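# Coordinate analysis (summary)
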Amino acid sequence: WGGARAHTDVDLGGADGTATAKERQLKERLREAELALETQQRMFRAHVDDLTVNLDSQAVGCDVLTGVIGDLDRELQRRDERQQSLRADFHALVEAFQAVRQSEDDNEGADRE
C-alpha cells in the first residue's frame, strides 16, 4: 500500500536538467494522483477497520445470544419436567379421590342393604 510515492522521484528534466512547464505539470498531476490514491487507501483501511469492529461486535452479540438461548432452553426443559411431574401428581390425586369416593359409595350401598 505504501509504494505510490516512489514515482515522483523520476527526473522529468530536459537535457539541461531543467523541467519544462509540461513536465512540471505532469509531475504535479502525478503527485496529486498519488495523494488521491493515498487518501483512498487510508479511507479504505478505515472502512475495513470499521467493518472488522462491526463483525467482532456481531460475533460477540451472537455468542451472547447463543448463551441466552441455551439458558432459556434449559429453563423451558426444567419447566416442562416440572409440569409433567405436577400432571402425574394431579392424576394420582384424581385416582385416589375416585378410589375414596368409590369406597364411600360402596360403604353407603352396603349400609343401605
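Along each chain, numbering runs from 1 in the same order as the chain's sequence is written. Given that this is a predicted model, residues contribute local features only at a pLDDT of at least 70 and side-chain atom pairs are listed and counted only at 80 or more, while totals for whole chains, interfaces and linings are drawn from all residues. To get the side-chain values, take all heavy atoms of the structure and skip hydrogens and water.

Secondary structure summary: the protein chain contains 1 helix and 0 strands in total. Looking at the protein chain as a whole, 5% of its 113 residues are labelled buried. Counting from the N terminus, the helices are the DSSP runs of H or I reaching at least four residues and the strands are the DSSP runs of E reaching at least two. Exposed residues in this analysis have more than 50% of their type's maximum accessible area, buried residues have under 20%, and partly exposed residues fall in between, with area computed by a 1.4 Å probe over protein chains only.

So, on to the pattern of salt bridges. Any Lys or Arg side-chain nitrogen found within 4 Å of a carboxyl oxygen on Asp or Glu counts as a salt bridge. Enumeration according to the criterion identifies 4 salt bridges in this entry. Here D71 and R74 are joined by a salt bridge, their closest N and O atoms 2.4 Å apart. Placement of the pair is D71 and R74 together in helix α1 (residues 21-112), with a separation of 3 residues, close to one helical turn. Relative accessible area serves as the criterion here: at 44%, D71 is assigned to the partly exposed category. Residue E75 is joined to R78 by a salt bridge in which the shortest nitrogen-to-oxygen separation is 2.7 Å. Of the two residues, E75 and R78 both sit in helix α1, 3 residues apart, roughly one turn of that helix. Connected through salt bridges with shared partners, the residues E75, R78 and R79 form a single ionic network.

Moving on: a nonpolar patch on the surface. Each patch groups residues whose relative accessible area exceeds 30% and which form no salt bridge, using 9 Å between like charges and 5 Å between nonpolar side chains of Val, Leu, Ile, Met, Phe, Trp and Tyr. In short, Shrake-Rupley with a 1.4 Å probe defines the accessible areas, and a residue's cover is counted only from the protein chains shown. On the surface, V60, V64, V68 and L72 cluster together into a nonpolar patch covering about 340 Å² of accessible area. For V68, the location among the structural elements is in helix α1. Its relative accessible area of 39% is what places V68 among the partly exposed residues.

For the rest of this paragraph, the subject is the confidence of the model for the protein chain. In low-pLDDT regions, the fine details of the predicted coordinates are not to be read closely. Across the chain, each position has a pLDDT score giving the predictor's confidence in that residue, from 0 to 100. Summary statistics for the protein chain give a mean pLDDT of 86 and a share of 82% for residues scoring 70 or more. The low-confidence segment residues 1-9 (pLDDT under 50) makes 15 contacts with residues lying over four places distant or belonging to another chain. Whether two residues are in contact is decided by their heavy atoms: any pair within 4.5 Å suffices.

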